[in-house]
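# A look at the structure
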Amino acid sequence: MATLPQIAVLEAGIFVKTQYIPRLAEISHLFCLKYIWSCSEESSRGAVEIAKQHFPGVECKWGDQGLNDIVQDSSLIGTAVVLAGQVQVDISLKLLKAGKHVIQEKPAATSIPEIETALASYKSVCTNPGQPIWAVAENYRFEPAFVESKKLVAGVGDMMNVQVIIEGSMNSSNPYFSSSWRRNFEGGFILDMGVHFIAGLRMMVGCEVTSVSAITSHIDRTLPPPDIISSNFKLENGCSGVFVMVVSSSSPKIIWRVVGSKGTVQVERGKVDGKHGYLVSLYSADGQCKSTFHPFCGVHEELKFFIHDIVQANLKGNGYEAEPRSSFVEGARDVAVLEAMLESGSKGGTLVNVKKF
């Protein structure tokens, strides 16, 4: 029987406890979780207590020494980096330089300059193209709703218009509301949350955003600025669209809508039979509507693909191509769109071209 690959999870916060550990538990037959690391011993031990229900052999690591232990542990082939946005890239590169495959939480980076530096550093440490693997955990690209909607969009004729409307619920009842790193983040919640919605947009339309013109504002003073963005955008296929995001609204609603010459495809976040997910609707030219509900499963899927990729990369070595939806470059493109919107907003709506990666 083949030895299971060993991985470590770096950080022990809310998302690790509520998403990473449960989702990893669903695929626990595919790998061995060796360590959970955090800055503090208390935090690490708290997450390990939860994880031990599914991974009885998992160990605590904390602080600088614990991080060095993980970097130097040759038995580890993969790591999940779920840290504050400001430090993720540096830690990921440290692990990559040690030869470990990395899946890093979104956003891919905090800015275009950081992305450019990160890509140059990654290229210098790659023993072969794409090795070790640097993945970004953008679960929206793995949600079946967006996989299906992309196929449906291809069948609605010429693309006429695209609308993305995000009315979020980032208020004091949200567990991430008090997150200090998000509040000290350039772009605040717009960038941290917004990469998800841009990923969904890019997945649906199947092409890149080339230019934007945006207006930003700051209304809710309990949130870092800006908390509202309204942007026109142009796609490389010539189609135009609108992206509107309100970080905190009293009536949350999240919709992506692609209008074609022969029909319209809409993805709306919602809840059916107690399950949260997305309703995908196809409106045909004859007035008919067909809808399918897809419960959330993107985190499960992205982690499953990452484990598969690191196993295959270790077996096949040179020439193995990892899942492209997870690539660091894909995450960088999400950030580039939002950074262009934020730049345009800071200049009163000036047209800004999106940086290409």
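Residues numbered from 1 in each chain as written. Predicted model: local features only at pLDDT ≥ 70, side-chain atom pairs only at ≥ 80, totals over all residues. Heavy atoms only, no water.

Put simply, the rule is: UniProt positions are given in the numbering used here, feature names are shortened, and annotations may be inferred rather than shown by experiment.
The name an unreviewed UniProt entry gives the chain is Glucose--fructose oxidoreductase isoform X2, with Gossypium hirsutum as the organism. Comment text from UniProt for the chain, heading Sequence similarities (unreviewed entry), reads "Belongs to the Gfo/Idh/MocA family."

## Comments concerning the packing of helix α4 (residues 88–97) against helix α5 (residues 112–125)
Heads up, the condition is: Axes here refer to lines fitted to C-alpha atoms; in helices the fit is confined to the stretch in contact. Angles between the N-to-C directions go from 0 to 180 degrees. Strands are runs of DSSP state E lasting at least 2 residues, helices are runs of H or I lasting at least 4, and numbering of each runs from the N terminus. In this scheme, roughly parallel covers angles under 35 degrees and roughly antiparallel covers those over 145, while 65 to 115 is roughly perpendicular and the rest are oblique. Should any heavy atoms of two residues lie within 4.5 Å, those residues are counted as being in contact. Polar here means any residue outside two lists: the nonpolar Ala, Val, Leu, Ile, Met, Phe, Trp, Tyr, Cys and Pro, and the charged Asp, Glu, Lys and Arg; Gly therefore counts as polar.
The contact between α4 and α5 brings their axes to 10 Å, and the two run at 5 degrees. Considered as vectors, α4 and α5 are oriented roughly parallel to each other. Between α4 and α5, the contacting residues are V89, L93, L96 and K97 on the first element and E114, A118, S121, Y122 and V125 on the second. When the residues that make up the contact of α4 with α5 are grouped by side-chain class, the tally is 6 nonpolar, 1 polar and 2 charged.

## Brief notes about the packing of helix α3 (residues 63–72) against α4
Worth spelling out the cut-off: Handedness of a crossing is defined here by the sense of rotation of the near helix relative to the far one, left-handed for an anticlockwise turn of less than a right angle and right-handed for a clockwise turn.
Remark: α3 packs on α4, axes separated minimally by 9 Å, with the N-to-C direction vectors making an angle of 40 degrees. Here α3 is positioned oblique relative to α4, judged by the angle of their axes. Considering only the axes of α3 and α4, their crossing is right-handed. Between α3 and α4, the contacting residues are L67, N68, I70 and V71 on the first element and I91, K94 and L95 on the second. Classifying every residue of the contact of α3 with α4 gives 5 nonpolar, 1 polar and 1 charged.

## A closer look at the layout of surface pockets
The cut-off we apply is this: Both cavities and pockets are sets of points on a 1 Å grid over the protein atoms alone; in a cavity a 1.4 Å probe fits but cannot get out, in a pocket the set is open with protein on both sides within 12 Å along at least five of seven lines, and lining residues sit with an atom within 4 Å of a point. Grid points are joined across faces, edges and corners, and a volume is the space filled by probe spheres set on the points.
Of the volumes computed, that of the largest pocket is approximately 1300 Å³. Lining the largest pocket are 49 residues, and of these F15, K106, Y176, R182 and H196 sit closest to its centre. When contributions to the lining of the largest pocket are tallied by element, the ones reaching two or more residues are α1 (14–26), β7 (159–169), α7 (180–183), α8 (188–205), β11 (248–260) and α9 (298–316). Class assignment of the residues belonging to the lining of the largest pocket gives a composition of 23 nonpolar, 15 polar and 11 charged.

## Description of the domain arrangement of the chain
Short version of the rule: The domain limits used here are those given by an automatic or database domain assignment. Buried area, as used here, totals the accessible surface that two parts lose on assembly, with accessibility defined by a 1.4 Å probe and the loss added over both. Definition used for salt bridges: Asp or Glu carboxyl oxygen within 4 Å of a side-chain nitrogen of Lys or Arg. Here a polar contact is taken to be a pair of N or O atoms separated by no more than 3.5 Å, where protein atoms must pair a possible hydrogen donor with a possible acceptor and residues adjacent in sequence count only if both atoms sit in side chains.
Parsing the chain into structural domains produces domain 1 (6–138 + 299–327) and domain 2 (140–296 + 334–353). The C-alpha centroid of domain 2 is placed 27 Å from the C-alpha centroid of domain 1. Taken together, the contacts link 22 residues of domain 1 with 19 residues of domain 2. Both faces combined, the contact of domain 1 with domain 2 buries some 1800 Å², and carbon together with sulfur accounts for 62% of it. Broken down residue by residue, the surface that domain 1 buries against domain 2 is led by K106, E138 and R325, which jointly contribute 38%. Where domain 1 meets domain 2, there are 1 salt bridge. Linking D192 and K106 is a salt bridge whose minimum nitrogen-to-oxygen distance equals 2.9 Å. Where domain 1 touches domain 2, the interface holds 7 residue pairs in polar contact (both at pLDDT 80 or more).

## So, the nonpolar core
In plain terms, the rule: Residues belong to a common nonpolar core when they are buried Ala, Val, Leu, Ile, Met, Phe, Trp, Tyr or Cys residues joined through side-chain atoms within 4.5 Å. Only protein chains enter the calculation, and the probe is 1.4 Å; a residue is then buried if its accessible area is under 20% of its type maximum, exposed if over 50%, and partly exposed in between.
Of all hydrophobic cores here, the largest spans 79 residues; its most connected members are W134, F197, L201, F243, M245, W256 and M341. Ranked by the residues each element gives to this core, the list is headed by α8, at 12 residues. The contact partners of M341, leaving out residues within four places of it in the chain, are I198, V212, A214, I229, S231 and F243. With 32 residues, the next largest nonpolar core counts I27, V48, F55 and A80 among its residues.

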